[in-house]
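Coordinate analysis (summary)
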Amino acid sequence: MPRTPLIAGNWKMHGLTDALGFFDALAASGAVSRGCELLVCPPATLVAAAVHAARSHDIRIGGQDCHAESSGAHTGDISAAMLRDAGADYVIVGHSERRADHGETDDIVRAKAEAARGAGLTPIICVGETLADRESGQEEDVVGRQLAGSIPSGFGPAHYVIAYEPVWAIGTGRTASADDIAAMHAFIRSQVPDGEGVRILYGGSVKPENAREILALDDVDGALVGGASLKAESFAAIAVSA
Ligand code: PEP
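For the structure given in this document, a descriptive report is provided here. What you are looking at is a predicted structure, and each value in this text was computed from that prediction instead of being measured. (Residues numbered from 1 in each chain as written. Predicted model: local features only at pLDDT ≥ 70, side-chain atom pairs only at ≥ 80, totals over all residues. Heavy atoms only, no water.)

What follows covers the sheet that holds strand S4 (residues 90-93). Judged by pairing direction, the barrel is parallel, and its eight strands sit side by side in the order S1-S2-S3-S4-S5-S6-S7-S8 before closing back on the first. Taking each pair of neighbouring strands and ignoring which way they run, the sheet shows an average axis angle of 25 degrees. With four bridges joining them, strand S6 (residues 161-164) and strand S7 (residues 199-203) adopt parallel strand pairing. By the bridge assignment, Tyr164 is partnered in S7 with Tyr202. (Pairing = 2+ DSSP bridges. Helix = DSSP H or I, 4+ residues; strand = E, 2+ residues; numbered from the N terminus. Axes fitted to C-alpha atoms, helices over the stretch in contact; angles between N-to-C directions.)

Once that is clear, we can look at the site of the ligand. As a matter of local geometry, the ligand sits amid 14 residues, with Lys12, Glu165, Gly171, Ser205 and Gly226 nearest to it. In this structure, Lys12 approaches the ligand through a side-chain N or O atom, which is 2.8 Å from an oxygen atom. Starting from 290 Å² of accessible surface for the ligand in isolation, the protein chains cover 95%. Its residues assigned to classes, the shell around the ligand comprises four nonpolar, eight polar and two charged. (Near = heavy atom within 4 Å. Polar contact = N/O pair within 3.5 Å; in protein donor to acceptor, adjacent residues only side chain to side chain. Areas by Shrake-Rupley, 256 points an atom, 1.4 Å probe, with all protein chains shown as cover. Nonpolar A, V, L, I, M, F, W, Y, C, P; charged D, E, K, R; others polar.)

Our focus in this paragraph is the packing of helix H1 (residues 21-28) against helix H10 (residues 232-241). In contact at an axis separation of 9 Å, H1 and H10 are set at 40 degrees when each is read in the N-to-C sense. Between H1 and H10, the interaxial angle falls into the category oblique. For the element pair H1 and H10, the recorded crossing hand is right-handed. In this structure, H1 contributes Phe22, Ala25 and Leu26 to the contact, and H10 contributes Ala232, Phe235 and Ala236. Looking at the contact of H1 with H10, its residues break down into six nonpolar, no polar and no charged. (Parallel < 35°, antiparallel > 145°, perpendicular 65-115°, else oblique. Left-handed = near helix turned anticlockwise from the far one by under 90°. Contact = heavy atoms within 4.5 Å.)

With that settled, the discussion passes to the nonpolar core. Most often, soluble globular proteins have nonpolar side chains that are buried together. Among the nonpolar cores identified, the biggest contains 62 residues, and Ile7, Phe23, Leu26, Ile162, Ile188 and Tyr202 are the most heavily contacted of them. No other element matches the five residues that H10 contributes to this core. Filtering out sequence-adjacent residues up to four positions away, Ile162 remains in contact with Ile125, Val127, Leu147, Ile151, Ile188, Val192, Val198, Arg199, Ile200 and Leu201. Core analysis: the next-biggest nonpolar cluster, separate from the first, contains 12 residues, Ile124, Cys126, Val161 and Ala163 among them. (Core = buried A, V, L, I, M, F, W, Y, C linked by side-chain atoms within 4.5 Å. Buried < 20%, exposed > 50% of the residue type's maximum accessible area, 1.4 Å probe, protein only.)

Here we come to the state of the cysteines. Applying the stated criterion to the full structure yields zero disulfides. A disulfide-free cysteine, Cys41 has its sulfur positioned 9.3 Å from the sulfur of Cys126, the nearest such atom. Overall, Cys41 belongs to the buried group, its relative accessible area being 0%. No disulfide involves Cys66; its sulfur sits 11 Å from that of Cys41, the nearest cysteine. (Disulfide = S-S within 2.5 Å.)

So, about the side chain of Glu165. As for its position among the elements, Glu165 is in the loop between S6 and helix H8 (178-191). At 6.8 Å, Lys12 is the nearest oppositely charged side chain to Glu165, a buried residue that forms no salt bridge. Engagement of the side chain of Glu165 in a polar contact is seen with the side chain of His95, the distance being 3.3 Å. (Lys, Arg positive; Asp, Glu negative; His and termini not counted. Salt bridge = Lys/Arg side-chain N within 4 Å of Asp/Glu carboxyl O.)

Here's what the structure looks like:
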């Protein structure tokens, strides 16, 4: 199965309605429909409006998180079905900021991934080691455990995407070296069932200046982009590199 590159933007807790001009600007940049899939995950308040703003462009919209249950007494949470209903196609689950700020365990991430698939969304399951893990040579153990715990059994390559995001490279301006990224992506592919078909994104301070080198690596099937996805110009430049 061919692995179509995916360039995904994670706006995190950024963006008011005046950010929606992003989609026309991205389309005007010529970066759309060039053989790679483009996805933007705005804050939940903008998902429906972003779907509307992106409707005539070939740009997908996703959520940044979902609850594991489809409905219930969970004040402030959003279910996968709600994201789907708003027009989303994807949802990020297990981002390191959720794992750290909200105590999300692999079990919780796995349940969210299952809920996402059940609602018709594709989950982007995030994994990645801390700096301490890497400095003590435990990065493969940590990522291997996260993969084993976070990917639901029965999931095949078409059901999910993995994002490898070393925690120490997110929002810090530091990127992993090309060798480290290539080695970890090959390791991840070897660990997941039918790994040849699974799309594995790299995330961690991807920007126009480093995108070409990272996206050219074996086993890198795209990028999950935080800061550089907030401006159509830089997101477009990354997409063009892919
Ligand atoms: C992210 O939010 O997933 C991310 C990789 O952020 P940044 O690109 O800003 O490091």
